[in-house]
Amino acid sequence: MASFFQLLVSGLATGAIYALIAVGFTLVWQTSQTINFAQGEFVMLPAFFVLAAMNAGAPFWLAAAISIVVSIAVLGVLFKLVVVDPMLKYGVLPLVISTIALSLLLKEGAKEFYSSQAQPFPALVPAADIDILGAVVSTQSLAVLAVAIVTVVALNLLLNRTRLGRQMQATAQNSTLARILGIPVERMVLYTFLINAVLVAIASILISPIYLAKFNNGDTLGLAAFIAAIIGGFNQVRGAILGGVILGVLDNLSAAYISSQYRGAFPLVILIAVILLRPQGLLGRVEERTI
Amino acid sequence: MKWLAAGAAAAAAIFALIAPLLLKPFGIYLISMWAVLTIAALGLNLTLGYAGQVSLAQGAFVGIGAYTVALLTPVGCPFALAFLAAGALCFAVGWVLGYPALRVQHHYLAFVTLAFSTLVFLVLRNEEWLTGGIYGINGVARPSFFGWSTFKALNFYYFSLGMLAVLAAATWWMLRSPWGRAFVALRENPVRALSLGLDTRRYTLMAFAIGSSLGGMAGALYAPLVQFIEPVSFTLGLSFNLLLMVIVGGSGYFFGPFVGALIAVLLPEWMRVAQGYYLIVYAMLVMVMMAFCPSGILGLLERALKAFAPRGKEAAP
Amino acid sequence: MSAVLQVSNLRKSFGGITAVDGVSFEVREGEILGIIGPNGSGKSTLFNCVLGQLSPNGGEVRVDGKPTTGMRPCDLNRLGVSRTFQLLQVFPQLSVRDNLILAGQEHRGTMLSRLIGRADAGLGDAADQMIAFFRLSHLSSAPAGLLSYGQQKLLDAAMAFMAGPRLVLLDEPAGGVNLTMLGHLRERLQAYHAERKATFVVIEHQMEFVMALCTRVLVLAEGRIIAEGAPRDIARNPAVIEAYLGH
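Residue positions are given per chain, counted from 1 along the sequence in the order it is written. Both sets of labels track the order of writing: A upward for chains, 1 upward for ligands. Given that the model is predicted, a residue must reach a pLDDT of at least 70 before its local features are reported, and side-chain atom pairs must reach 80 or more before they are shown or counted; all residues, however, enter totals for whole chains, interfaces and linings.

A. Representation of the overall build of chain B within the structure. Within chain B, the secondary structure is distributed over 14 helices and two strands. Only C-alpha atoms enter the radius of gyration; for comparison, a globular chain is expected to reach 2.2 Å times N to the power 0.38, where N is the number of residues. Against the 2.2 N^0.38 benchmark of 20 Å for 317 residues, chain B shows a C-alpha radius of gyration of 20 Å, consistent with a compact globule. Here exposure depends only on C-beta density: within 10 Å of a residue's C-beta, 20 or more other C-beta atoms make it buried, 12 or fewer make it exposed, and intermediate numbers make it partly exposed, the C-beta atoms being placed from the backbone. For chain B, the residues scored as buried account for 51% of the 317 residues in total. In chain B, of all internal contacts separated by at least 6 residues, the share reaching a separation of at least 24 is 76%. Only runs of H or I of at least four residues qualify as helices and only runs of E of at least two qualify as strands under DSSP, and these elements are numbered from the N terminus. Two residues form a contact once the distance between their C-beta atoms, set from the backbone, is within 7 Å.

Here's what the structure looks like:
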């Protein structure tokens, strides 16, 4: 049985991926009140873009780049312009329904137009085990951790150290005020969608070697995103990161120590517990009650 | 316009009574399925269309109802009792789920029901000693009432239709009462409703619990209809299907679920040629609908009728 | 005369901005209190804190001596506190009559009794009387969404009165209403006040409306009360004039 340390590291790796997905989800929600129920499928899809590009002859690194670009176009721009914008005038509920339908569409689409079978996906680094402090850790986990950490740090720098990032944060906190201050709110919202597209594409490339590229990956990944975002605090990006990491670690540990039959249940129980005991999440602010 | 609606409903009712006499057994099975799913959709319409909450667990409640009946009737429990037990159990579970979830905003109920749906599937699949696990439960008996057996397809259809009529009437009566007014208020303007003393949380919770209970009762009828139930039938797929039914038919319209369920039952049959694509088409239809007419088919119909009907009396300024 | 509403040291901040900064006042039974002040003085925030729409950061609210700080609006309403809204809030799809029945139905019986009782919760006659009082009888069965702006304002007030409240808080009732309707509205409010000995608190911008309607006026500026007294005295108060002109 894998040592605790090993489980911890691989849990951190999975958690880092969950964090990326949860951050994208939270950002989009914060700036445009869009609860993207298709977030899981957004993570499932880019892997297929990579595979399609590789089938057409591209080497992995090129296919990955192409996939990120296509994701930005489809899951970022197209999604915002075609799905979100026309629906915003009707309120939150129709948009929620629409993203639920979209998740179905993407899932069935991948199944019909690509394959219903799980597809092997190339790993970032050749599989090997490294000895760290007497425990065996896979290079896979380390590579995932490295990429995820770099992405999160880059995102953090973008949001906190650049003018653009601060404008985006202002838009997220109070779009009316931001508009008055002269911030191009519409463009800021578009940027969050683009950022989300990049995050899900990276997450997809990181997780598909482990999960294999399968049309129904979205089910578990989407749920992980929502749970991570809620655990951490729905209105905080830092919370999404924390939630993702906690979820990944707990999920991995529970898989080893709890019966495999109920493996999927642990995150769900955590979700229900959080909503019962601390609905604003670990880092979230208690929201003003308007109802 | 009210007369038009009444007339259409009457015509549909007559059709529902006569049609099965002209259909082959599979056709009768389909419209029985329509009747059962409409009950579940009616419940979801309460939650979504009237209280404005997204529930992704209606399929799970159908499953709970189905398994309740499938487990109780073989040990001698009369069907009527098992049916009521299914409804009561789902009401209680709905209340327990909804109570914490509805204290917060942000559509948390959607996530909680999503998680619950998955949990239910896991339990149904893993607890073989109770539910038969992956292998499901076979040979669910069709009930008899005072010597009249519903074993024959036609009989079971009239039984389901009767149950639909009873439950729809009960729902109609509830919506005619002050509760119905409260639900409209809840949906149209919850802030104002609160300021008038309306406990929006309590009414929303009630709508969700009753809606879930109807899901359970639909499940109680589903089990004897299909006679073999397995966990796979009650996953998120069914919840999505029911959700789309309510949306496409017209959420918030009383007869929306009837229309939506009809489409959901017939669409796969019409699209037999392109078997795998029916869900894709369905999903695209819903997305297009949400962009242009979120109030579904009945909403479209209402708009069309308003455009052609003579204008009503305008209020003098 | 007893205090229907007591606000003590109320404070509310949003991030770094203090909207309400230690406001205290009392509302005596039977009076019509006006609260005025330039834009951004904290009137709406104060209102929303009293009504449970926002949670104050400090201070206390009492209705008839009972602490109600942070109570949910629906519970507060059942204690006898009603309100009207600045931005119109009627239920457009319900008829005028149904709007009024809705406004009163939550005060009768329990949820269960409402389910199995009469469809109009026994309020049909009361609703008709209220409609007649506001001279809207010809519109009784029209969907509220079809009413003119001024008529909807009247309906808004009627809804707030349906449950026979102890205290009514009116949020900018005169906003956007034409002169004729304004006169009618003010006259109806005064008639109701005289008939039922109700207690009103009114937030308003329009000075003439306040002067004509209110018995006492509070002036708010930058989250604090800067003046208080009879309408005529307030109009002449230099501090008040400065607060308005200074903006």
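Having put the structure on the table, let's press on.
B. Just the overall build of chain A, in detail. In terms of regular secondary structure, chain A is built from 11 helices and two strands. Scanning chain A from its N terminus toward the C terminus, one meets helices and strands in the order α-α-α-α-β-β-α-α-α-α-α-α-α. For a compact globule of 291 residues, the expected C-alpha radius of gyration is about 19 Å, and chain A comes in at 19 Å, within 12% of that figure. A principal-axis box enclosing the C-alpha atoms of chain A has dimensions of 55 × 50 × 35 Å. Counting across all 291 residues of chain A, residues that qualify as buried make up 52%. Contacts in chain A between residues at least 24 apart in sequence constitute 73% of all its contacts with a sequence separation of at least 6.

C. Seen up close, the sheet that holds strand β7 (residues 167–171) of chain C. Residues and elements named next belong to chain C. In space, the six strands of this open sheet follow the order β6-β7-β8-β3-β9-β10, with mixed pairing throughout. Of all strands in the sheet, those bounded by a partner on one side alone are β6 (81–83) and β10 (224–229). This sheet shows a mean twist of 20 degrees between the axes of neighbouring strands, independent of strand direction. Two strands are said to pair when DSSP picks up at least two bridges between them. Bridge analysis of β6 against β7 gives three bridges, and the strand direction is parallel. Bridge pairing links Ser82 to Val168 in β7. Helix axes use the C-alpha atoms of the stretch in contact, all axes being lines fitted to C-alpha atoms, and the angles between their N-to-C directions lie in the range 0 to 180 degrees.

D. Region of the structure containing the environment of Ser149 of chain B. Residues and elements named next belong to chain B. Along the chain, Ser149 falls in strand β2 (residues 148–149). Taking the C-alpha atoms as reference, Ser149 lies 48 Å from Asn189; in sequence the two are 40 residues apart. Setting aside anything within four residues of it in sequence, one finds Ser149 in contact with Ser144 and Asn155.

E. Molecular detail of the sheet that holds strand β1 (residues 3–14) of chain C. Read from one edge of the open sheet, four strands run β2-β1-β4-β5 (chain C), paired in antiparallel fashion. Strands at the two margins of the open sheet, each flanked by one partner only, are β2 (17–28) and β5 (66–67) of chain C.

F. Spotlight on the interface of chain B and chain A. On the side of chain A, 35 residues touch chain B, which itself brings 38 residues to the contact. The set of elements that each furnish at least two residues to the side of chain B that touches chain A consists of α4 (79–101), α5 (108–126), α9 (190–195), α11 (236–249) and α13 (278–292) of chain B. With 10 residues, α5 of chain B is the single largest residue contributor to the side of chain B that touches chain A. Throughout this entry, Asp, Glu, Lys and Arg are counted as charged residues, while Ala, Val, Leu, Ile, Met, Phe, Trp, Tyr, Cys and Pro are counted as nonpolar. The remaining residues, Gly among them, count as polar. Taken together, the residues of the side of chain B that touches chain A break down into 29 nonpolar, eight polar and one charged.

G. Representation of the confidence of the model for chain B within the structure. Across the chain, each position has a pLDDT score giving the predictor's confidence in that residue, from 0 to 100. Averaged over every residue, the pLDDT of chain B is 88; residues scoring 70 or more account for 94%. This model gives residues 313–317 of chain B a pLDDT under 50, and the stretch forms eight contacts once residues within four places in sequence are excluded.

H. Here's a closer look at the packing of helix α9 (residues 217–232) of chain A against helix α11 (residues 265–277) of chain A. All names here are of chain A. α11 packs onto α9 with a crossing angle of 30 degrees between their chain directions and a minimal axis gap of 10 Å. Considering how the two elements wind past one another, α9 and α11 form a crossing that is left-handed. Contacts between α9 and α11 pair Leu223, Ala224, Ile227, Ile230 and Ile231 from the former with Pro267, Ile270, Leu271, Val274 and Ile275 from the latter. The class makeup of the residues in the contact of α9 with α11 is 10 nonpolar, no polar and no charged. In this scheme the crossing of two helices becomes right-handed for a clockwise turn of the near helix relative to the far one and left-handed for an anticlockwise turn of less than a right angle.

I. Local environment of the nonpolar core. In this usage, the nonpolar core is the set of buried Ala, Val, Leu, Ile, Met, Phe, Trp, Tyr and Cys residues whose C-beta atoms join them within 7 Å. Ala19, Ile21 and Ala228 of chain A together with Val286 of chain B are the most contacted members of the largest nonpolar core, which has 276 residues in total. In terms of residue count, the dominant contributor to this core is helix α8 (residues 185–211) of chain A (16 residues). No fewer than three residues from each of domain 1 (3–88 + 164–245) and domain 2 (91–146) of chain C sit in this core. Beyond its immediate stretch of four places on either side in the chain, Ile21 of chain A contacts Gln39, Val43, Leu199, Val200, Ala203, Leu221, Ala224 and Ala225 of chain A. Each domain's extent is set by a domain assignment, obtained either automatically or from a database.

J. Representation of the pairing of strand β9 (residues 216–221) of chain C in the model. Residue and element names in this part refer to chain C. Of all the six residues making up β9, five are buried; the element is thus mostly covered by neighbouring parts of the structure. With four bridges connecting them, strand β3 (residues 32–36) and β9 associate as parallel partners. Within β9, the position partnered with Ile36 by the bridge is Val219. In this structure, β9 lies alongside β10, joined through five bridges in antiparallel fashion. Paired with Leu220 across the two strands is Ile225, which belongs to β10. Hairpin connection of β9 to β10: two residues between the antiparallel strands, including Glu222 at a positive phi of 50 degrees.

K. Just the environment of Leu242 of chain B, in detail. Residue and element names in this part refer to chain B. Position of Leu242 relative to the elements: it lies in helix α11. The spatial distance from the C-alpha of Leu242 to the C-alpha of Arg103 is 25 Å, given a sequence separation of 139 residues. Apart from residues no more than four positions distant in its own chain, Leu242 is found in contact with Ala40, Ala41, Leu44, Gln58 and Gly59.

L. Representation of unusual backbone geometry. All names here are of chain C. With phi around 60 degrees, Arg135 is a residue other than glycine that occupies positive phi space. Residue placement: Arg135 occurs in the loop between α5 (124–133) and α6 (149–161). Given 12 C-beta atoms within a 10 Å radius, Arg135 is considered exposed.

M. Spotlight on the environment of Gly63 of chain B. Within the fold, Gly63 of chain B resides in helix α3 (residues 58–72). If we skip the residues at most four places from it in the chain, Gly63 of chain B touches Val120, Leu124, Gly219 and Phe234 of chain B.

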